[in-house]
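Architecture and fold: a report
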Amino acid sequence: MIYLFTALYCEAHGLIRKFGLARNPKNTWLQEFYNQEAGIRLTITGVGEIAAAAAVGSVCGACRPAREDILLNVGICARREGREGIFLCNQITEQATGRTFYPDMLYRHDFQEGPIVTGMGLWNRADDRPESGPAVPAGALYDMEAAAIYQAGSLFFGPHQMMFLKIVSDSGAAEEVDAEGTERLMERYQDSLTDYIRRMQRIACGNNGEGCLRQKEEALLEKLGADLHCSKAMKDSLRQYIRYLTLSKSDYIGVINDMYEKGLLPCKDKREGKLCFEELKQRLF
C-alpha cells in the first residue's frame, strides 16, 4: 500500500483522477481517497505541521501500515533559485527546532535531489526568510509539512519507506500561488509522478500481484538476517532492499556471495553486523 499525503486538494486532484481513487465516506474528519486494487490511500492533510502530523497519525493509527508499505508526501514548495523543477528530498530540516532528518535514498529515480526546510509560516521573499526563524539556506526548498510528516510517519515507517517529492511553485511569495495555478503545475509533472508511484507500487507489492518474496529470497533473507544479527528494523529494511533488487533484476546475490567469500559474513555480534550492513548497502546501491 502507498500512503500518499498532500496538503491541498489542488495538489491531489490529478492523482485522484489518474489512479481512480474514491472518497472514503467513513472518514468524516479528513478528505481521504483510496483504491484498494491499486494499493493507494491518499489523504489531504491541510496546511502546516500540526495538521500534517495529526493526519498522518490518524490515518496510520487506524490502518496500521505493513512492513512493505510506503509513505509518499507530494506537494508544492518554494525555492529561491528558479521557479520550476521536481525534487526528491534527501534532507529535511525542521526550522523551529533545528532538527534534521534523512530519508534513505536507495531507489533509482530521475529527479533532482535537494534539502528542504519546513517552517511554521509562509516564506517572505522581501527579507529572504520565512516570517519567523533563521533564513533558509541557498538552494534549499521550503514547505510547511515535510518535517512533521517525517516525524509522525517514523512511528509507523522506517527511513527507507518514506519519500518526499516536491514541485517548485514559487520563489518565496505566497501571492504567486493559487489553487488553479497549482493544479496546472501538478498536471505538468503528472507523468513523472505517475511513473514514480507505479514503481513504488511494485516495490510495495501493490497492484501487480507481487506477493511476498519467493521462497528462495525468503531463505536468503533469513540467513542474511541471522548472519548480520539484524534487529527487527534492520531486517524490515533488508526485506525491502531484496524485494527492490529482485524486481530490478540486479545481481545482488553475487554481491552477497562475494562478502561471504571474503570473510565479511557471517558477523560475530550486533556491532559488527551494523557495520557490515552499512557496507552491504553501499555495495548494493
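Residues numbered from 1 in each chain as written. Predicted model: local features only at pLDDT ≥ 70, side-chain atom pairs only at ≥ 80, totals over all residues. Heavy atoms only, no water.

**Some remarks on the overall build of the protein chain**
Looking only at helices and strands, one finds nine helices and twelve strands in the protein chain. Relative to the 2.2 N^0.38 estimate, which gives 19 Å for 285 residues, the radius of gyration of the protein chain is 20 Å and therefore close to what a compact globule would have. The dimensions of the protein chain, computed from C-alpha atoms along their principal axes, are 60 × 40 × 30 Å. A buried classification covers 52% of the 285 residues belonging to the protein chain. Here the protein chain has roughly 13,300 Å² of accessible surface; of this, 50% comes from carbon and sulfur atoms. Charged side chains of the protein chain number 35 positive and 39 negative; the gap between the two group centres comes to 5 Å. (Helix = DSSP H or I, 4+ residues; strand = E, 2+ residues; numbered from the N terminus. Rg over C-alpha atoms; globule rule 2.2 N^0.38 Å. Buried < 20%, exposed > 50% of the residue type's maximum accessible area, 1.4 Å probe, protein only. Areas by Shrake-Rupley, 256 points an atom, 1.4 Å probe, with all protein chains shown as cover. Lys, Arg positive; Asp, Glu negative; His and termini not counted. Charge placed at Lys NZ, Arg CZ, Asp CG, Glu CD.)

**Quick look at the environment of Leu-265**
Within the secondary structure, Leu-265 is located in the loop between α8 (252-261) and α9 (270-284). Considering only alpha carbons, one finds Leu-265 and Thr-194, 71 residues apart in sequence, at a separation of 39 Å. Apart from the residues within four sequence positions on either side, Leu-265 is in contact with Leu-224, Asp-227, Leu-228, Ile-256, Met-259, Tyr-260 and Cys-276. (Contact = heavy atoms within 4.5 Å.)

**Observations regarding helix α1 (residues 9-18)**
Those residues of α1 lying buried are Cys-10, Glu-11, Ala-12, Gly-14, Leu-15 and Ile-16. Buried residues along α1 sit in contact with β1 (2-6), β3 (31-35), β4 (40-44), β5 (70-79), α4 (179-188) and α5 (190-203). Downstream of α1 by a residue or two, Gly-20 has a phi angle that is positive, lying close to 60°.

**Points about the pattern of salt bridges**
Pairing of side chains with opposite charge becomes possible as their charged atoms draw close. In total, this model carries 14 salt bridges according to the counting rule given. Between Glu-222 and Lys-235 there is a salt bridge, with the nearest N and O atoms lying 2.9 Å from each other. Pair noted here: Glu-222 is in helix α6 (residues 215-227) and Lys-235 is in helix α7 (residues 232-247), with a separation of 13 residues, a long-range link. Judged by its relative accessible area of 41%, Glu-222 falls in the partly exposed class. (Salt bridge = Lys/Arg side-chain N within 4 Å of Asp/Glu carboxyl O.)

**What to know about the environment of Thr-100**
Here Thr-100 shows up in strand β7 (residues 100-101). Residues Thr-100 and Asp-236 lie 136 residues apart in sequence; the distance between their C-alpha atoms is 23 Å. Setting aside anything within four residues of it in sequence, one finds Thr-100 in contact with Gln-91, Ile-92 and Thr-93.

**A few points about the packing of helix α2 (residues 49-63) against helix α3 (residues 146-153)**
The N-to-C vectors of α2 and α3 enclose an angle of 30°; their axes lie 8 Å apart at closest approach. Classified by the interaxial angle, the pair formed by α2 and α3 is roughly parallel. Here α2 runs over α3; the crossing is right-handed. Contacts between α2 and α3 involve Glu-49, Ala-52, Ala-53 and Val-56 from the first element and Ala-147, Ala-148, Ile-149, Ala-152 and Gly-153 from the second. Of the residues that constitute the contact of α2 with α3, the class distribution is seven nonpolar, one polar and one charged. (Axes fitted to C-alpha atoms, helices over the stretch in contact; angles between N-to-C directions. Parallel < 35°, antiparallel > 145°, perpendicular 65-115°, else oblique. Left-handed = near helix turned anticlockwise from the far one by under 90°. Nonpolar A, V, L, I, M, F, W, Y, C, P; charged D, E, K, R; others polar.)

**As for the layout of surface pockets**
Its boundaries defined by the atoms lining it, the largest pocket holds a volume of some 380 Å³. Considering the residues around the largest pocket, the lining is formed by 23 residues, among which Ile-76, Leu-122, Met-144, Asp-170 and Val-177 are closest to the centre. At the level of secondary structure, the elements contributing two or more residues to the lining of the largest pocket comprise α1, β5, β11 (141-143), β12 (162-170) and α4. If you tally residues by element for the lining of the largest pocket, the top one is β5, at three residues. Grouping the constituent residues of the lining of the largest pocket by class yields 15 nonpolar, three polar and five charged. (1 Å grid on protein atoms, 1.4 Å probe; cavity = no way out; pocket = protein on both sides within 12 Å on 5 of 7 lines; lining within 4 Å. Points joined across faces, edges and corners; volume = space filled by probe spheres on them.)

**Section: empty space enclosed by the protein**
Tallying each qualifying case throughout the model produces one cavity of 30 Å³ or more. Taken as a whole, the largest cavity holds about 40 Å³ of empty space. Lining the largest cavity are Leu-88, Asp-104, Met-105, Leu-106, Tyr-107, His-109, Met-163 and Tyr-196. When grouped by side-chain class, the residues that make up the lining of the largest cavity number six nonpolar, one polar and one charged.

Purely spatial values, then, with no claim about function.
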